[in-house]
Amino acid sequence: MDDFGTGYSSLSVLYQLPINSLKIDQSFVRNLNSTNRTSAIIKTIIDMGRNLDFYVVAEGIEYEDQASFLCKNHCHIGQGYYFSHPLSSHEVQKMLVKRH
């Protein structure tokens, strides 16, 4: 479920829809260090997702401290400019070949 915690996402859909992952909306990640409430919400989403056997993905990671917080709190997957800007399929293929 993309952008979990915003818009029309609801706790009731977690058991009604055939989903296996939650993606934490980038607005939470962006505001991670602004308030303790934001970090508490992110921790709660991660804990809830893991307890429901979902993969938890955080989007919009731009800084090391965001990645560190998410890692420390056992978020499964992170995506964002901190890791890489968007790449074409050709660029991804070159990168994967280079790493092997």
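Residues numbered from 1 in each chain as written. Predicted model: local features only at pLDDT ≥ 70, side-chain atom pairs only at ≥ 80, totals over all residues. Heavy atoms only, no water.

Participant: Break down the packing of aromatic side chains for me, citing the residues and quoting the values.
Facilitator: Tallied over the full model, the rule gives one aromatic pair. Summarising the aromatic geometry, the rings of Tyr82 and Phe83 are spaced 5.1 Å apart at their centres and angled 75° between planes, so their arrangement reads as edge-to-face. Take Phe83: its relative accessible area is 47%, and that puts it in the partly exposed class. (Phe/Tyr/Trp six-rings, centres within 6.5 Å; stacked < 30°, edge-to-face > 60°. Buried < 20%, exposed > 50% of the residue type's maximum accessible area, 1.4 Å probe, protein only.)

Participant: Summarise the nonpolar core; cite the residues concerned and give the values.
Facilitator: In terms of nonpolar packing, the biggest core is built from 17 residues, with Ile24, Ile42, Ile46, Ala58, Ile61, Leu70 and Cys75 touching the most fellow members. Looking at this core, the elements that each hand over two or more residues are β1 (21-24), α1 (26-30), α2 (36-51), β2 (55-58) and α3 (64-72). Excluding anything up to four places from it in sequence, Ile46 contacts Ile24, Val56, Leu70, Asn73, His74 and Cys75. (Core = buried A, V, L, I, M, F, W, Y, C linked by side-chain atoms within 4.5 Å. Helix = DSSP H or I, 4+ residues; strand = E, 2+ residues; numbered from the N terminus. Contact = heavy atoms within 4.5 Å.)

Participant: So what's going on with unusual backbone geometry? Which residues, and what values?
Facilitator: Although it is not a glycine, Asp53 sits at a positive phi angle of roughly 60°. Within the secondary structure layout, Asp53 lies in the loop between α2 and β2. Phi angles above zero are rare outside glycine, and His74 is one such case at about 65°. Secondary-structure assignment places His74 in the loop between α3 and β3 (77-78).

Participant: Lay out the pattern of salt bridges in plain terms, naming residues and giving numbers.
Facilitator: Summed over the entire model, instances satisfying the criterion amount to one salt bridge. Taking the shortest distance from any N to any O, the salt bridge between Lys23 and Glu59 comes out at 4.0 Å. Taken as a pair, Lys23 in strand β1 and Glu59 in the loop between β2 and α3 lie far apart in primary sequence, 36 residues in all. On the basis of relative accessibility, which here comes to 21%, the residue Lys23 falls in the partly exposed class. (Salt bridge = Lys/Arg side-chain N within 4 Å of Asp/Glu carboxyl O.)

Participant: Tell me about α3, residues and numbers included.
Facilitator: Of the positions making up α3, those classed as buried are Gln66, Ala67, Phe69 and Leu70. When α3 is viewed along its axis, its buried side chains cluster within an angular range of 160° and face the same direction. Counted as exposed and oriented over 90 degrees from the buried face of α3: Glu64, Cys71 and Lys72. In this structure, the buried side of α3 is in contact with α1, α2 and β2. At the C-terminal side of α3, His74 shows a positive phi close to 65°. (Arc of directions from axis to C-beta.)

Participant: How would you sum up the sheet that holds β3? Please name residues and give values.
Facilitator: Spatial strand order, β1-β2-β3: three strands in an open sheet with parallel pairing. Only two strands of the sheet have a single neighbouring strand rather than two, namely β1 and β3. Of the pairings in the sheet, the one linking β2 to β3 comprises two bridges and is parallel in character. Directly across from Ala58, in β3, lies its bridge partner Gly78. (Pairing = 2+ DSSP bridges.)

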